[in-house]
Amino acid sequence: MKLPSPVAVPLVALLALAACGTSPRSAGDPPSSAPPASPTATPSASVRSPVVRSPVAYDRALHDELIAMLHRDQADREGTPQSESDQARTARLKDIIGTHGWPTFALVGEDGGNAAWAIAQHSDLDPAFQQQALDLLRTAVADRQASPGNLAYLEDRVAAGKGEPQVYGTQVRCGPDGPVPATPIRDEPGVERRRADAGLPTLASYLSEMTTICAQDVN
């Protein structure tokens, strides 16, 4: 499966497979959508202060590295073992963030930013780093340098990992009768408005797509 920009169906299926129990955490990831904003935050001490550069120059080598990391991440989840583990990709993303801050559209392009997000989304074994990545992604989205849709998924991923209610309902697991939220959805009557604000499809259409994925997983 290849990842179109900005984060479309193939990645959804992958993240959905995580929801069906093939990743360290029972929580899903995105479908056919992508990308408005959130408050800013400062990374904690375990991530080195990013180098300040003005203006930010596009870094082709970093872009290509992130895309290659994403391909290995997807291959792992499609059943092709890689020499590089999730932990290794998490460690490399930490190094990148320590040097550059969050990989923004200006620095690595939309597809490079999506790749960095997917690696953070799969950094379930390092929840402290995942929280730091979320804080940095919020800032990037506020600056229009990252995808609001990606932010929504990571926001829910971190919440579900803590056993807390989700905001957008993106994290699901495959139950006996199909997909169900991994944790309850906060203010469920307002979820469709929040999803629309983040550029996500309706919850009903998302669950319909996940129903197909769950059925494939059973078969």
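This structure is a prediction, so every number in the text was calculated from the model and none was measured.

Definitions and cut-offs
Residues numbered from 1 in each chain as written. Predicted model: local features only at pLDDT ≥ 70, side-chain atom pairs only at ≥ 80, totals over all residues. Heavy atoms only, no water. Helix = DSSP H or I, 4+ residues; strand = E, 2+ residues; numbered from the N terminus. Buried < 20%, exposed > 50% of the residue type's maximum accessible area, 1.4 Å probe, protein only. Areas by Shrake-Rupley, 256 points an atom, 1.4 Å probe, with all protein chains shown as cover. Disulfide = S-S within 2.5 Å. pLDDT = per-residue confidence, 0-100. Contact = heavy atoms within 4.5 Å. Pairing = 2+ DSSP bridges.

A look at the overall build of the protein
Secondary structure summary: the protein contains eight helices and two strands in total. Listing the helices and strands of the protein from first to last along the sequence gives α-α-α-α-α-α-β-β-α-α. Across the 219 residues of the protein, 52% fall into the buried class. About 9600 Å² of surface is accessible on the protein, with carbon and sulfur atoms providing 54% of the total.

Section: the state of the cysteines
Tallying each qualifying case throughout the model produces one disulfide. Note on cysteine connectivity: Cys 174 is disulfide-linked to Cys 214, with sulfurs 2.1 Å apart. With the S-S dihedral at roughly -80 degrees, the linkage between Cys 174 and Cys 214 falls on the left-handed side. Taken together, the positions of Cys 174 in strand β1 (residues 172-175) and Cys 214 in helix α8 (residues 203-218) put the pair 40 residues apart, joining distant regions of the chain.

Some details on the confidence of the model for the protein
Mean pLDDT over the protein stands at 82; residues scoring 70 or higher make up 74%. Per-residue pLDDT stays below 50 along residues 1-10; that stretch engages in 36 contacts with residues further than four places along the chain or on separate chains. Below a pLDDT of 50 lies the segment residues 12-27, which in the model reaches 61 contacts outside its immediate sequence neighbourhood of four places, other chains included.

With respect to the pairing of strand β2 (residues 178-181)
A regular strand places its side chains so that they alternate between the two faces of the sheet. Where β1 lies against β2, four bridges are found, and the strand directions are antiparallel. Pairing of Gly 175 across the sheet is with Gly 178, part of β2. Between β1 and β2, which pair antiparallel in sequence order, lie two residues.

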